[in-house]
Number of protein chains: 2
Amino acid sequence: MTDPSRPFCAAVDWGTSSFRLWLLDDEGTVIASSSSNEGMMHCAGTGFAPVLDAHLAKVGASAGTPVLICGMAGARQGWLEAPYVEVPASLEALPTQAIKIAGAKNDVRILPGISLNDPQAPNVMRGEETQLLGAVSESGNALVCMPGTHSKWVEIENGVVTRFSTFMTGELFSLLTKHGILQHAVEEKAVVSSDDAAFRSALKRTEGQAHAALSGFFGVRAAQLLGLETRGDGAAHLSGLLIGGEISAARELFGKEGKVTLIASEPINALYSVALEKQGFQVVSKDAGEASRAGLFRSAKRIWSR
Amino acid sequence: MTDPSRPFCAAVDWGTSSFRLWLLDDEGTVIASSSSNEGMMHCAGTGFAPVLDAHLAKVGASAGTPVLICGMAGARQGWLEAPYVEVPASLEALPTQAIKIAGAKNDVRILPGISLNDPQAPNVMRGEETQLLGAVSESGNALVCMPGTHSKWVEIENGVVTRFSTFMTGELFSLLTKHGILQHAVEEKAVVSSDDAAFRSALKRTEGQAHAALSGFFGVRAAQLLGLETRGDGAAHLSGLLIGGEISAARELFGKEGKVTLIASEPINALYSVALEKQGFQVVSKDAGEASRAGLFRSAKRIWSR
């Protein structure tokens, strides 16, 4: 067993509403881990340092263990702003632009996000760049799809992020079904399967036609009023429209087929895999949590291995 | 002055959250009118007949004045369900399919809505069909845009509704700015002008590219994080994306340029006029309230003029 008193570093994924820490040895193996809902929103009130210290104590990290953080802790409203690195942004160079928390007991650093300062397509990411570091090879070319509340699509050329887009797919699903008229047409906490007929049918209608998502949302309700579907079909129908629309739009934006790297967790991974394959992509799947951890470790190695 | 004791009919637009009644003479001139927020939602609790009777008394309608109603009072959860007429639906024939309230003191009838029972594009309208009757000539061809919470686009051939689409444009704006992350990027009760640079710029980006709306929503926030726009630009930016995306999607669906009949009220009329003209349409504007009243009158004439 590895000696937990001599970890290489603590790696922290500090999101808007979640905190996740892994204590890693110098090969990236997990010695111990800890997670909670003490995300940026929570810590804006309580402060960030006490939360980090409590988790370090909980996993038994020895004094002086260096800490590398990614995510919203580096936002303007976070612990300390880690300014965005503009595209074209070399993934390999990101760790060198991490900022250091002054006066902390340990060497604590926060990785920067990436921005696209184009008035025609302004965009930012914070946290996803670390998943890219963990999932994409140093000098590789890739088109990456990272589904979520705000799905990111990222184009990488020779290890450099050249451009990216954000789709508010998860947020739209939540808004439409929690606060809008479709709340009557979608069951709460419904679990969508990629085999659901309503999901497949909506994917088909949006295939190569992003506009069919915009004109299709109301149809989730209309189909039920007309007796063509039941409330049990609502979540699958809407998911299919949103995911199919996102993929069609991304295809228009990035003009690519071929291979796509899908960084996601279950159950969303399965839905996107099917949807991407239907639109002609070959999918290489990576787990989102593992990508974060691997990206933090790769960055920590670059910072602290001399 | 016309004798209010001898009106031709009372015309009622009974929506989800609003009630509007006009007492009309036999030339369609308004003798008196009354409105309130006693829409379908309100009346589901109190009953519909007492609300109608109170408004008829208020405008001094003589006993026995016939009443013609359009809108959500005819929904399943309304006063009495007026079943949808399926497309292809002749506008001229709609009044003959109005249903009669049994046991009412007056001759009270509710106009039906129109449905599109296509599993690939299920859709319904209730209330808009009456605006079409008031704004489109009997045997005309038209492409009609009716902006709102749920914008309708309707294709009419020889006075027959052949197909239509619904865009949840107004609802999306409301959901995104009231409950989502964009609430921080859009001022409450902001008034958007068609001259706003952020509106025009968003229209340009979505012109012929409905997908740019889906990939653009997050940019409303990103533009402000990056200092490219201010919070004062948020409402105009988002309105431009939603309206531009809707029009681009409708162009793909209906494959038309040329003339479009825009049935709307201010201030939304001005925004859509500019957006439609930018995408090559010649706009014929009609006021939404007047279209409802004219459609009810045209229908009443058909029912009660023998």
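Bear in mind that the values here come from a model prediction, so they are computed numbers and not experimental data.

1. Some details on the overall build of chain A
Link 1 in the chain: When you go through chain A residue by residue, the secondary structure sums to 10 helices and 15 strands.
Link 2 in the chain: In terms of C-alpha radius of gyration, chain A reaches 21 Å, essentially the compact-globule figure of 19 Å for 306 residues.
Link 3 in the chain: Counting only C-alpha atoms, chain A reaches 65 × 40 × 40 Å along its principal axes.
Link 4 in the chain: Looking at the 306 residues of chain A, the share that counts as buried comes to 53%.
Link 5 in the chain: Looking at chain A alone, contacts between residues at least 24 apart form 65% of all its contacts between residues at least 6 apart.

2. Some details on the packing of helix 3 (residues 128-135) of chain A against helix 10 (residues 288-304) of chain A
Residue and element names in this part refer to chain A.
Link 1 in the chain: The contact between helix 3 and helix 10 brings their axes to 6 Å, and the two run at 85 degrees. Relative to helix 10, the element helix 3 is oriented roughly perpendicular. Facing Thr130, Gln131, Leu132, Leu133, Gly134 and Ala135 of helix 3, the residues of helix 10 in contact are Ala288, Ala291, Ser292, Arg293, Ala294, Gly295, Leu296, Arg298 and Ser299.
Link 2 in the chain: Here the contact of helix 3 with helix 10 is built from residues that sort into 7 nonpolar, 6 polar and 2 charged.

3. Details of the sheet that holds strand 6 (residues 89-90) of chain B
Residues and elements named next belong to chain B.
Link 1 in the chain: Read across the open sheet, the 6 strands follow the order 6-13-12-11-14-15; overall the sheet is mixed. Each end of this open sheet is capped by a strand with a single partner; those strands are strand 6 and strand 15 (281-287).
Link 2 in the chain: Pairing analysis gives 7 bridges linking strand 12 (residues 151-157) to strand 13 (residues 160-167), with the strands arranged antiparallel. Within strand 13, the residue paired with valine 154 across the bridge is phenylalanine 164.

4. Brief notes about the sheet that holds strand 4 (residues 67-71) of chain A
All names here are of chain A.
Link 1 in the chain: The strand order 3-2-1-4-8-7 describes an open sheet built from 6 strands, whose pairing is mixed. The outermost strands of the open sheet, each flanked by one partner alone, are strand 3 (30-36) and strand 7 (99-100).
Link 2 in the chain: In this fold helix 2 (residues 49-58) packs onto strand 1 (9-14), strand 2 (19-24), strand 3 and strand 4, with an angle of close to 45 degrees to the strand it touches most, strand 2.

5. Considerations on the pairing of strand 2 of chain A
All names here are of chain A.
Link 1 in the chain: With respect to burial, strand 2 is a largely interior element, 6 of its 6 residues being buried.
Link 2 in the chain: Because side chains alternate across strand 2, one face comprises the buried residues Phe19, Leu21 and Leu23, and the other comprises Arg20, Trp22 and Leu24, equally buried.
Link 3 in the chain: Sheet topology note: the strand 1/strand 2 ladder contains 6 bridges and is antiparallel. When the bridges of strand 2 are listed, alanine 11 appears paired with tryptophan 22.
Link 4 in the chain: In this antiparallel pair of consecutive strands, strand 1 and strand 2, the connection spans 4 residues.
Link 5 in the chain: Where strand 2 folds back onto strand 3 in an antiparallel hairpin, the turn is made up of 5 residues, including glycine 28, whose phi is positive at roughly 90 degrees.

6. Concerning the relation of the copies chain A and chain B
These two copies of the chain differ by a rotation about an axis and a displacement along the same axis.
Link 1 in the chain: Overlaying chain A on chain B yields an RMSD of 0.1 Å, the required transformation being a rotation through 180 degrees with an accompanying axial translation of 0.0 Å. Interpreted geometrically, this transformation is the action of a two-fold axis.
Link 2 in the chain: When you check the interface residues of chain A against chain B, 100% turn up at the interface there too, and the contact is symmetric in its surfaces.

7. Description of the interface of chain A and chain B
Link 1 in the chain: Facing 39 residues of chain A, the contacting portion of chain B comprises 39 residues.
Link 2 in the chain: Among the secondary structure elements, those contributing two or more residues to the side of chain A that touches chain B are strand 10 (123-125), strand 13 (160-167), helix 4 (169-178), helix 6 (211-214), helix 7 (217-225) and helix 8 (234-254) of chain A.
Link 3 in the chain: Among the residues forming the side of chain A that touches chain B, the class breakdown is 21 nonpolar, 14 polar and 4 charged.

8. Looking at the nonpolar core
Link 1 in the chain: Counting 202 residues, the largest nonpolar core has Ala11(A), Ile69(A), Ala11(B) and Leu68(B) as the members making the most contacts within it.
Link 2 in the chain: Sequence-distant contacts of Ile69(A), defined by excluding residues within four places in its chain, comprise Val12(A), Trp14(A), Gly74(A), Val108(A), Arg109(A), Ile110(A) and Leu111(A).

So, how was this worked out
Residues numbered from 1 in each chain as written. Chains lettered and ligands numbered in written order. Predicted model: local features only at pLDDT ≥ 70, side-chain atom pairs only at ≥ 80, totals over all residues. Helix = DSSP H or I, 4+ residues; strand = E, 2+ residues; numbered from the N terminus. Rg over C-alpha atoms; globule rule 2.2 N^0.38 Å. Buried ≥ 20, exposed ≤ 12 C-beta atoms within 10 Å, placed from the backbone. Contact = placed C-beta atoms within 7 Å. Axes fitted to C-alpha atoms, helices over the stretch in contact; angles between N-to-C directions. Parallel < 35°, antiparallel > 145°, perpendicular 65-115°, else oblique. Nonpolar A, V, L, I, M, F, W, Y, C, P; charged D, E, K, R; others polar. Pairing = 2+ DSSP bridges. Least-squares fit on C-alpha atoms with pLDDT ≥ 70 in both. Core = buried A, V, L, I, M, F, W, Y, C linked by C-beta atoms within 7 Å.

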